[in-house]
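A look at the structure
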Amino acid sequence: QALPVLFKHWLKNEEVEEGRTAVLQCELTKPNAPVEWRKGDTVLQTSDKYEIRQEGTLVELFIYDAEAQDA
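Anyway, here's the lowdown on the structure attached to this text. On a predicted model such as this, the values are computed, not experimentally measured, just so you know. (Residues numbered from 1 in each chain as written. Predicted model: local features only at pLDDT ≥ 70, side-chain atom pairs only at ≥ 80, totals over all residues. Heavy atoms only, no water.)

**A look at the overall build of the chain**
On a plain count of helices and strands, the chain comes out with 0 helices and 6 strands. Ordering the α and β elements of the chain from the N terminus gives β-β-β-β-β-β. Expressed as a percentage of the 71 residues in the chain, the buried residues total 24%. Contacts spanning at least 24 positions in sequence make up 47% of the contacts within the chain whose residues lie at least 6 apart. Entry remark: accessible area of the chain is about 5,700 Å², with carbon and sulfur atoms responsible for 48%. (Helix = DSSP H or I, 4+ residues; strand = E, 2+ residues; numbered from the N terminus. Buried < 20%, exposed > 50% of the residue type's maximum accessible area, 1.4 Å probe, protein only. Contact = heavy atoms within 4.5 Å. Areas by Shrake-Rupley, 256 points an atom, 1.4 Å probe, with all protein chains shown as cover.)

**So, the side chain of Asp70**
For Asp70, the location among the structural elements is in the segment after strand S6 (58–63). Among the polar contacts made by the side chain of Asp70, one reaches the side chain of Lys49 at a distance of 2.8 Å. (Polar contact = N/O pair within 3.5 Å; in protein donor to acceptor, adjacent residues only side chain to side chain.)

Bear in mind that shape data such as this cannot, by itself, settle questions of function.
Here is the structure:
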């Protein structure tokens, strides 16, 4: 039976100035596990606003041109 994927390190609150890029990171116990980034009920997709990178156990969300509503 496969072990579940867990967070090694949880997300930390990040503060950035408006117009800058915010970077959120988490680390998982298994490499390349599927991850969904959400804001409320909305699943975030790669776009001009968001970039999602995953390398091994590290998963990152870049929020470009951050605004107050991105909180």
